[in-house]
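Coordinates in review
What follows is the residue order along each chain.
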Amino acid sequence: FGLHHSKTDGSRVGLADALRGAQRYAQARAIYEEVLPRQRRLFGDHHTTTESTLNGLAISLHDLEEHDAARPVLEHLYQARTIRLGADHRNTVMTLHNLGHNHLATGDLAAAEDCFRRVHEVDRRQRGLSHSDTAMSRSAVADVQAARGDFDHALSGWIEAAEIMG
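Just so we're clear, the structure is a prediction, and the values are computed from it rather than from any experiment. (Residues numbered from 1 in each chain as written. Predicted model: local features only at pLDDT ≥ 70, side-chain atom pairs only at ≥ 80, totals over all residues. Heavy atoms only, no water.)

Here alanine 70 is to be found in helix 4 (residues 67-85). Taking the C-alpha atoms as reference points, alanine 70 and glycine 149, 79 residues apart in sequence, are found 26 Å from one another. With residues up to four places along the chain from it excluded, the contact list for alanine 70 reads Ala58, Leu61, His62 and Asn102. (Helix = DSSP H or I, 4+ residues; strand = E, 2+ residues; numbered from the N terminus. Contact = heavy atoms within 4.5 Å.)

Let us look at helix 6 (residues 109-127). Its 19 residues place the ends of helix 6 26 Å apart at the C-alpha level, agreeing with the 27 Å of an ideal helix rising 1.5 Å per residue. Those residues of helix 6 that fall on the buried side of the exposure criterion are Leu109, Ala111, Ala112, Glu113, Cys115, Phe116, Val119, His120, Val122 and Asp123. (Expected span 1.5 Å × (residues − 1). Buried < 20%, exposed > 50% of the residue type's maximum accessible area, 1.4 Å probe, protein only.)

Summed over all chains, the structure comprises 18 salt bridges. A salt bridge links arginine 40 to aspartate 45; the nearest nitrogen and oxygen atoms lie 2.8 Å apart. The salt bridge involving glutamate 113 is made with arginine 117; its shortest N-O contact spans 2.8 Å. Taken as a pair, glutamate 113 and arginine 117 lie in helix 6 at a separation of 4 residues, close to a single helical turn. Each of Arg90, Asp123, Arg127 and Asp133 takes part in one network of salt bridges that share partners. (Salt bridge = Lys/Arg side-chain N within 4 Å of Asp/Glu carboxyl O.)

Right, here's the structure in full:
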């Protein structure tokens, strides 16, 4: 196929995913960044292949604690998935969750709380009040409340999440 064929790039993304799983984030990042421009040119930004690579890149950047670099990737991925899949699709919601963690890591507590509350609302609506995803998203809201110093609300949220988990 050649070094720059889409099949070869797909194999390289698989390697990057494996490297990320082995906590070799810098190597994974380099592969994602090499492959991504070709995927964008071949498939466009709203294709599952491109979105998967963007997601891997965003996670690698997060794991490298390069949160400022990860944010525009996550924002772009969230917009692409919202357009292609809809705001309530699980992949879109997980991207919003990751964006919330990015905001939390950089100290933007208002943006983090907004993301986590939106995730929690979708989880409650789609998964119900007794699902583990609902508990996790409620706990994420509580984490932000604690970071803001609002410990009463945070404790209430953590208790609610613990009760869901049983």
